[in-house]
Amino acid sequence: MALVKYILEDNSEVTIEAHVGQNLMQIAIENDVEGIEGACGGSCMCATCHVKVESVNGVELEERSELELEVLEMEIDEVATNSRLGCQIEINKEIESITVRIESIQSI
Amino acid sequence: MSVVIIGAGHAGTTAAAALRKFDKDIKISLFSEEGSIPYQRPPLSKKTIFSDTQNYDLILGKDFYNKNAIQLNLNSAVKEINPVQSYVRFNSKEIIEYDQLIIATGTKGYELNIPGGELAQTLYSINDAQKIAKSISKAKKIAVIGGGFIGCEIASGARKQNKEVTLLEAGASILGRSVAPIFAKSVSKYHHSQGINILTNCKALSINHNGIETTSSIISADLVIAGIGVTPNIKLAVEANLDIDNGVLVNEYLQTSNENIFAIGDIANFPFNSDSGRLRLESIQNASDQAKTVAKNIIALRNNQQFQSYTPIPWFWSDQGDLKLQMAGVGNLNAKHHVLENQTDGTLTVLHLVEGQLVAIDTLNHGLNHICGRKLLSHKKPILIDDIKRFKGDLKSLVKELN
């Protein structure tokens, strides 16, 4: 169990208790968090689940894979050092809580 | 103002969400023949059939529709479109009027027209997937008819569960219509190495409870699954007198021959720089991107603004055993195929070239080249084979130079 806090585009916040094994894209869709689409079903082929990681408690996240970074660079105008694809961040036992900011979906 | 959407697959559902994003007040009604909240189809042939729980992914959260005032009507088959009086009719004679209509009725599987064809199970819906999952768990010998993406995905999944699997393909090669021949050969070799018995140039003649009689031999099987392709659901569009040709004909704005009726997703035959000048695609990318374009254009139509053209770089993927196949662009009959040199073991990248110019790219277990390929295909200027050769197969460096 981990607490996932999404900060939406209008700066409102949604906090969800998430299970180990789920990723931030799936969690957002299941809980109607606005602004996350996941068009490719989590195959790391689009950037419609783009988030910026604001903070993580419990453990440091693994670095972005080369592929994830390439997808971000192709789809996002300005990739920040904390830009991530939600589908590539999976909740594990170590993560206690994580806060991410949702960026507007670029393709709409 | 009211928009009616027929079909709640990826295209119809995404269109509803996009419309709501652009306009808080439009009345949006989404109609589905199925009883399930709209779900993603690609995982059905992958994780749904082969997971213990047959779990599946929703396209949008189950509360999204209520929260966003999208009227989702399940088990609601539209029986008629009346383009003159702008309404759709249901079984119950109930009608709903629209200002704009989006047809997103998708496809249906071809029927296997041979004696015993009804014994073959087919996959289109979540119900089909759950049924096939149950049958596979009980079966020992499985025959899959059709070596397209769905057939290959099911065959490789079943083989991973240690089933005896035979894959029948009527053509000369599996994936024959979809990827470069050398690419298909490599995929075929992998499936063979995993123990799948692949029979090409082999047609099923009849099916009974013991297996399949084919043009080459009799194959014993206690379960037959057919994945022999799909055909667009155009009945409503035909009866509404819309222009039809391999799907519903739309212009670059996804508008049918009636200006207030749009068609998107698997059924839409749109203008494209291809052999025939047109293209109809069955993919998530196409469904999703057309949905967003149509939402923009419906808003534009109301506000007398400029329409947006649909000009995609098509992409598609398939998971088969340990292989991830990713395709970008559209090949054609005149294309020459070039295998990218200097690649790591276990990966393959094949370029499709027309007159030396890159038109499509197939990658096997190489997401990076797929992404680079999409970048190259979306570049303003044509990418020539000489450009690629200069970088000795390193697509990423070429992308960097172009930026």
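Everything quoted here is computed from the prediction, not taken from an experiment.

Novice: Lay out the interface of chain B and chain A with the relevant residues and their values.
Specialist: At the interface, 31 residues of chain B touch 24 residues of chain A. Here chain B and chain A share an interface that buries about 2200 Å² over both sides, 56% of which is from carbon and sulfur atoms. At the junction of chain B with chain A, the criterion picks out six salt bridges. Between B:K67 and A:D32 there is a salt bridge, and its shortest N-O distance comes to 3.7 Å. Counting across the interface, chain B meets chain A through 12 residue pairs in polar contact (both at pLDDT 80 or more). For the side of chain B that touches chain A, the secondary-structure elements that each account for two or more residues are α1 (10-22), α3 (64-67), α8 (284-302), β22 (315-320), β23 (323-329) and α9 (367-377) of chain B. Ranked by residue count, the leading element in the side of chain B that touches chain A is α9(B), at seven residues.

Novice: Could you give an account of the environment of B:A170, with specific residues and numbers?
Specialist: Residue and element names in this part refer to chain B. Relative to the assigned elements, A170 resides in the loop between β11 (164-168) and α6 (181-193). Sequence-wise, A170 and L333 are 163 residues apart; in three dimensions their C-alpha atoms are separated by 19 Å. Not counting residues up to four positions away in its chain, the partners in contact with A170 are N201, C202 and K203.

Novice: Which residues make up the domain arrangement of chain B, and what are the values?
Specialist: Residues and elements named next belong to chain B. According to the domain assignment, chain B contains domain 1 (2-47 + 59-108 + 230-302), domain 2 (111-226) and domain 3 (331-402). Computed over C-alpha atoms, the centres of domain 2 and domain 3 are 31 Å apart. Of the residues lining the interface, seven residues belong to domain 2; the matching set on domain 3 comes to eight residues. Summing the contributions of domain 2 and of domain 3, the shared interface buries around 580 Å²; its carbon and sulfur component is 84%. The largest per-residue losses of area from domain 2 upon contact with domain 3 belong to A180, I182 and F183, which jointly make up 69% of the total buried on that side. For the interface between domain 2 and domain 3, the tally reads zero salt bridges. If you look at where domain 2 meets domain 3, you find one residue pair in polar contact (both at pLDDT 80 or more). Looking at the side of domain 2 that touches domain 3 residue by residue, the class counts come to six nonpolar, one polar and no charged.

Novice: Run through the sheet that holds strand β21 (residues 278-279) of chain B, naming residues and quoting values.
Specialist: All names here are of chain B. Within the open sheet, the three strands sit side by side as β18-β20-β21. Their pairing is mixed. Either end of the sheet is taken by a strand with one partner, and the two such strands are β18 (248-249) and β21. Direction of pairing for β18 relative to strand β20 (residues 268-271): parallel, over a ladder of two bridges. Paired with V248 across the two strands is A268, which belongs to β20.

Novice: Quick one: what's the story with the pattern of salt bridges, residue by residue and with numbers?
Specialist: Scanning all chains against the criterion turns up 20 salt bridges over all chains. A salt bridge links A:E66 to B:K396; the shortest N-O distance between them is 3.2 Å. Of the two residues, A:E66 is situated in helix α2 (residues 66-75) and B:K396 in helix α11 (residues 395-402); the pairing between them involves two chains. In this structure, B:D57 and B:K47 form a salt bridge, with 3.0 Å as the shortest nitrogen-oxygen distance. Within this pair, whereas B:D57 is found in the loop between α2 (47-50) and α3, its partner B:K47 is found in helix α2, the two being separated by 10 residues in sequence. Residue B:K47 is classed as partly exposed on the basis of its relative accessible area, which comes to 29%. Beyond isolated ion pairs, a larger network of salt bridges with shared partners links A:E66, A:E70, B:K375 and B:K396.

Novice: Can you break down the nonpolar core residue by residue, with the values?
Specialist: All names here are of chain B. L19, I81 and V88 are the most contacted members of the largest nonpolar core, which totals 54 residues. Look past the residues within four positions of I81 in its chain and what remains in contact with it is I6, Y87, V88, Y98, L101, I103, L236, A240 and I261. Counting residues in each nonpolar core, the second largest holds 38 residues, with I136, V144, I174 and L175 among its members.

Novice: I'd like to hear about the pairing of strand β25 (residues 348-354) of chain B, residue by residue, with values.
Specialist: On any regular strand, side chains alternate: one points to one face of the sheet, the next to the other face. Residue and element names in this part refer to chain B. Counted residue by residue, β25 has seven buried out of seven residues, so it is predominantly covered. Burial along β25 is two-sided: the residues L348, V350, H352 and V354 and T349, L351 and L353 are all buried. Where strand β24 (residues 336-339) and β25 come together, four bridges link them in antiparallel fashion. Bridging across to β25, K336 finds its partner in L353. Where β25 lies against strand β26 (residues 357-364), seven bridges are found, and the strand directions are antiparallel. Paired with L351 across the two strands is I361, which belongs to β26. Taking the residues between adjacent antiparallel strands as the criterion, β25 and β26 are bridged by two residues, where E355 takes a positive phi near 50 degrees.

Parameters at a glance
- Residues numbered from 1 in each chain as written.
- Chains lettered and ligands numbered in written order.
- Predicted model: local features only at pLDDT ≥ 70, side-chain atom pairs only at ≥ 80, totals over all residues.
- Heavy atoms only, no water.
- Contact = heavy atoms within 4.5 Å.
- Buried area = accessible area lost by both parts, 1.4 Å probe.
- Salt bridge = Lys/Arg side-chain N within 4 Å of Asp/Glu carboxyl O.
- Polar contact = N/O pair within 3.5 Å; in protein donor to acceptor, adjacent residues only side chain to side chain.
- Helix = DSSP H or I, 4+ residues; strand = E, 2+ residues; numbered from the N terminus.
- Domains from an automatic or database assignment.
- Nonpolar A, V, L, I, M, F, W, Y, C, P; charged D, E, K, R; others polar.
- Pairing = 2+ DSSP bridges.
- Buried < 20%, exposed > 50% of the residue type's maximum accessible area, 1.4 Å probe, protein only.
- Core = buried A, V, L, I, M, F, W, Y, C linked by side-chain atoms within 4.5 Å.

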